[in-house]
Amino acid sequence: MSARPAPPLGPPGLERTLTRWLIPAYVAGVGLPWIIGAWIKTGYQPGLLKTDPQPARDLIDIFCMGVSLFDAALVFTVGVGCLVVSIMKGPARYADSACATQPIEERDGQGRP
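These figures come from a predicted structure and were not determined experimentally.

Some thoughts on a nonpolar patch on the surface
Here is step 1 of the chain: A contiguous nonpolar patch, built from Leu32, Ile35, Ile36, Trp39 and Ile40 and spanning about 550 Å² of accessible area, is present on the exposed surface.
Here is step 2 of the chain: Summarising the element assignment, Leu32 is placed in helix H2 (residues 22-41).
Here is step 3 of the chain: Classification of Leu32 by relative accessible area gives partly exposed; the value is 46%.

As structure tokens, this is what we get:
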């Protein structure tokens, strides 16, 4: 009984690497704008500005919503792309490592060796 060598495993494709980063990218892209927006809004307090601070706070909230939705759409699009590439590649298959016992003759277009 002969021991077969293990099939050569290369590094995972880019789609698998990106798939591992989708959830952290989503959490950071949705949470970080709101944290930064809340930090910026602490400077807009009544009495510090001569104008009403509420429109500036609303503008910051709208910007945070836009960045969060953009990140969610980006992560969703990359996830669908990774899924399509994974499906198109299919499972990994490796050829038989045994050597051919007879030489293979290549023929030209006329059928002659």
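There is more to say after this.
Let's talk about the confidence of the model for the chain
Here is step 1 of the chain: The predicted model of the chain averages 81 in pLDDT, with 71% of residues at 70 or higher.
Here is step 2 of the chain: The least confident element of the chain, judged by mean pLDDT, is helix H1 (residues 14-20) at 89; the most confident is H2 at 94.

Describing the pattern of salt bridges
Here is step 1 of the chain: Within this structure, the stated rule accounts for two salt bridges.
Here is step 2 of the chain: Note that Glu15 and Lys89 form a salt bridge whose closest N and O atoms lie 3.3 Å from each other. Within this pair, whereas Glu15 is found in helix H1, its partner Lys89 is found in helix H3 (residues 54-89), the two being separated by 74 residues in sequence.
Here is step 3 of the chain: One salt bridge in this structure joins Lys41 and Asp61, with 2.7 Å as the shortest N-O distance. Of this pair, Lys41 sits in helix H2 while Asp61 sits in helix H3, and the two are 20 residues apart along the sequence.
Here is step 4 of the chain: Here Lys41 falls in the partly exposed class, since its relative accessible area comes to 23%.

Rules used throughout
Residues numbered from 1 in each chain as written. Predicted model: local features only at pLDDT ≥ 70, side-chain atom pairs only at ≥ 80, totals over all residues. Heavy atoms only, no water. Patch = residues over 30% accessible without salt bridge, like charges linked within 9 Å, V, L, I, M, F, W, Y side chains within 5 Å. Areas by Shrake-Rupley, 256 points an atom, 1.4 Å probe, with all protein chains shown as cover. Salt bridge = Lys/Arg side-chain N within 4 Å of Asp/Glu carboxyl O. Helix = DSSP H or I, 4+ residues; strand = E, 2+ residues; numbered from the N terminus. Buried < 20%, exposed > 50% of the residue type's maximum accessible area, 1.4 Å probe, protein only. pLDDT = per-residue confidence, 0-100.

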